[in-house]
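# Remarks on the overall topology
Residue strings, one per chain:
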Amino acid sequence: MGGNLLFVNIGVDAVTLLSTDESRIYFFSTNIGYDIRERINNNKIIIVNDSYIELPYILDATPSVFGRTFSDFESYLQFLAKNIGSKIKSRKVVVWFSGGKDSTASLIVLLGLQRYVDFHLEAYYMHVPLLDGERNLRFVDVISRRLNIEISIESIGRHKMKDFLEYFGIPYRGFRWCTYHSKIKPMRKIKRIRSFDYEVSSERIFESYKRFSSLLEYARRKMFISGKQLKPTYLFTIMDVVDIVKKRNVVHPDYLAGCSRVSCSICPYRTIFELKKTMDDLEDPGLIDNALRKTYLARYKDMVDFEEYMVYALWRFSPRIADKILALKKLVRESEQCLRSGDVHRMISSIWLSKFESPIIEVDKAISLMQDAYKKRRFGILNLGLEPNFMVKT
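Rules behind the numbers
- Residues numbered from 1 in each chain as written.
- Predicted model: local features only at pLDDT ≥ 70, side-chain atom pairs only at ≥ 80, totals over all residues.
- Heavy atoms only, no water.
- Pairing = 2+ DSSP bridges.
- Helix = DSSP H or I, 4+ residues; strand = E, 2+ residues; numbered from the N terminus.
- Axes fitted to C-alpha atoms, helices over the stretch in contact; angles between N-to-C directions.
- Contact = heavy atoms within 4.5 Å.
- Salt bridge = Lys/Arg side-chain N within 4 Å of Asp/Glu carboxyl O.
- Buried < 20%, exposed > 50% of the residue type's maximum accessible area, 1.4 Å probe, protein only.
- Left-handed = near helix turned anticlockwise from the far one by under 90°.
- Nonpolar A, V, L, I, M, F, W, Y, C, P; charged D, E, K, R; others polar.
- Phe/Tyr/Trp six-rings, centres within 6.5 Å; stacked < 30°, edge-to-face > 60°.
- Lys NZ or Arg CZ within 6 Å of the ring centre and 35° of its normal.
- Polar contact = N/O pair within 3.5 Å; in protein donor to acceptor, adjacent residues only side chain to side chain.
- Patch = residues over 30% accessible without salt bridge, like charges linked within 9 Å, V, L, I, M, F, W, Y side chains within 5 Å.
- Areas by Shrake-Rupley, 256 points an atom, 1.4 Å probe, with all protein chains shown as cover.
- Lys, Arg positive; Asp, Glu negative; His and termini not counted.
- Charge placed at Lys NZ, Arg CZ, Asp CG, Glu CD.
- Core = buried A, V, L, I, M, F, W, Y, C linked by side-chain atoms within 4.5 Å.

## Remarks on the sheet that holds strand E13 (residues 338–340)
The strand order across the open sheet built from five strands is E1-E2-E3-E4-E13, with neighbouring strands paired in antiparallel fashion. Looking at which strands have only one partner, the edges of the open sheet turn out to be strand E1 (7–10) and E13. Strand-to-strand, the axes of this sheet are offset by a mean angle of 25 degrees, without reference to chain direction. Sheet strands in contact with helix H14 (residues 341–353) are E1, strand E2 (14–18), strand E3 (23–28) and E13, and its direction is about 65 degrees off that of E13.

Spelled out as structure tokens, the structure:
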């Protein structure tokens, strides 16, 4: 790229590319994304035949900064120990490990923090049977060995999950029942039995707009604990997380393959092109195929063709919007400008495979930028003044 920075944002089958030269947004039919800028009107609406889709829905944009919030890992641990050490000393802390970059970074920080503060730490991985495969389980074993910590694996079991699939059907965006029944409820039971003083939240302020909004007050007050919630890494940038995880050689293989997230093999929040890389890891493909067919008959048969439902993975979307997504996937193929999924995978994996220099951003400066962005509803890379032109208020 001739030394120019290129920022990539992954949305709902949409990829936004942002650089100093221009901003583009591609919507993917399957493995090819098409430029949809001409379909976006001044009100941030994507025109789809006689209907529309709101741009923020598919963009999933979050204000961010390019840089690192700390220059030295040990200094950050000392800073954290000074801020929360007295509160967590001799207490029981639990971290819910998912295998993703953020929970991995949290686990590394907590293990490092034990060198400065004496507290009891337990780690759990909540496995989702049937909807996930073996890759994530294998990674838990890798993490346990490389970080020298026992991670307990909990699961509601195959039979119970099969009953849930029969009753609820395949999870979709906005109705991810799997998270509640296979993760949140068992986690609550473990917390009740083990009586933890604090549970770790691995949320980061730059990860999504919802988290950006909810964590802004934490940032303004520089809080790391609220009630029983401990948020040791919420101010980290993506560069902070990458540094910590890469240094300890605990990068999940999905990131190296160019996926933007670590989740179940059939997670509805995966993009259409990421699913191509993960669905081959399913524990029981035949059972899931049968569940997809039953879900189609129960929810989608009156709005989309079954073949299109499968090809475009429309089961990921609410029945209220699946037909609009399908219509947009068909329309965008008229665009001449396109982007291939292989190029996106290479862009995403590059942050894990290459070394990037970036500035150190003082926390106070980052907080000031975030508060301004929230007030003005700005997106993009705040400290560089880069914002997608189709998101700028007109």
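Further notes follow.
## Notes on the pattern of salt bridges
In the structure shown here, the tally under the stated rule is 31 salt bridges. Close ionic contact of Glu-207 with Arg-204 constitutes a salt bridge, the shortest N to O distance being 2.3 Å. The residue Lys-355 makes a salt bridge to Glu-357 at a minimum N-O spacing of 3.9 Å. For Lys-355, a relative accessible area of 73% translates into the label exposed.

## Points about the packing of helix H3 (residues 101–113) against helix H8 (residues 238–247)
The description of two helices packed together rests on the angle between their axes and the distance between the axes. With their axes 9 Å apart at the nearest point, H3 and H8 run at an angle of 65 degrees to one another. The element H3 and its partner H8 pack so that their crossing is left-handed. Facing Lys-101, Asp-102, Thr-104, Ala-105, Ile-108 and Val-109 of H3, the residues of H8 in contact are Ile-238, Val-241, Ile-244 and Val-245. Its residues assigned to classes, the contact of H3 with H8 comprises seven nonpolar, one polar and two charged.

## Notes on the side chain of Arg-135
Among the secondary structure elements, Arg-135 is positioned in helix H4 (residues 135–147). Beyond its immediate stretch of four places on either side in the chain, Arg-135 contacts His-252, Pro-253, Asp-254, Lys-277, Thr-278, Asp-280 and Asp-281.

## Observations regarding the packing of aromatic side chains
Here the structure, examined in full by the defined rule, presents 26 aromatic pairs. Plain terms: the ring middles of Tyr-167 and Phe-168 are 4.9 Å apart, the flat faces sit at 85 degrees to each other, and that makes the pair edge-to-face. One aromatic cluster is present, built from ring pairs that chain together Phe-70, Phe-73, Tyr-76, Phe-79, Tyr-218, Phe-224, Tyr-234 and Phe-236. Taking NZ or CZ as reference, Lys-231 lies 5.2 Å from the ring centre of Tyr-218, over its face. Between the NZ or CZ atom of Arg-248 and the centre of the ring of Phe-73, over which it lies, the distance is 4.6 Å.

## With respect to the side chain of Ser-263
You can see Ser-263 is positioned in the loop between helix H9 (253–256) and helix H10 (272–278). Ser-263 gets classed as buried once you look at its relative accessible area, which sits at 13%. For Ser-263, the side chain forms a polar contact with the side chain of Arg-261, separated by 3.4 Å. Discounting residues that sit within four places of it in the chain, Ser-263 has contacts with Asp-132, Asn-136 and Arg-270.

## Brief notes about the environment of Ala-366
Its location among the elements puts Ala-366 in helix H15 (residues 363–376). Along the backbone, Ala-366 and Gly-67 are 299 residues apart, and their C-alpha atoms lie at a distance of 9.8 Å.

## Side note on the sheet that holds strand E11 (residues 225–226)
Taken in spatial order, the six strands of this open sheet run E9-E8-E7-E10-E12-E11, and their pairing is mixed. The two strands at the open ends of the sheet, each matched to only one other strand, are strand E9 (151–155) and E11. Sheet analysis places strand E8 (residues 120–127) next to E9, joined by five bridges and oriented parallel. Residue Tyr-125 lies in a different strand from E9, and its bridge partner there is Ile-153. Against the sheet, H3 makes contact with strand E7 (92–96), E8, E9, strand E10 (198–200) and strand E12 (229–230), and its axis sits at roughly 165 degrees relative to E8, the strand it touches most.

## Some thoughts on unusual backbone geometry
Of note, Asn-249 is a non-glycine position whose phi angle comes to about 55 degrees, a positive value. As for its position among the elements, Asn-249 is in the loop between H8 and H9.

## Here's the deal with a positive patch on the surface
Side chains of Lys-160, Lys-185, Arg-188, Lys-189 and Arg-192 sit close together on the surface and give a patch of like positive charge. The element contributing the most residues to the positive patch is helix H6 (residues 177–194), with four residues. Inspection of the secondary structure puts Lys-189 in helix H6. Here Lys-189 falls in the partly exposed class, since its relative accessible area comes to 47%.

## Thoughts on the pairing of strand E5 (residues 45–48)
In summary, the side chains of a regular strand alternate between the two faces of the sheet. The pairing of E5 with strand E6 (residues 51–54) spans four bridges and is classified as antiparallel. Note that in E6 the partner of Val-48 across the bridge is Ser-51. Hairpin remark: E5 followed by E6, antiparallel, with two residues in the connecting loop; positive phi at Asn-49, about 55 degrees.

## A short note on the environment of Pro-56
Here Pro-56 lies in helix H1 (residues 55–59). For the pair formed by Pro-56 and Gly-11, sequence separation is 45 residues and the distance between their alpha carbons is 9.1 Å.

## Here we look at the nonpolar core
Grouped together as the largest cluster of nonpolar side chains are 137 residues, with contacts concentrated most on Ile-58, Leu-107 and Met-370. With near-sequence residues (within four places) excluded, Ile-58 lies in contact with Gly-11, Val-12, Ala-14, Ile-25, Phe-27, Ile-36, Ile-46 and Ile-53. One finds Val-94, Trp-96, Met-187 and Phe-196 within the second-largest nonpolar core, a separate group that totals seven residues.

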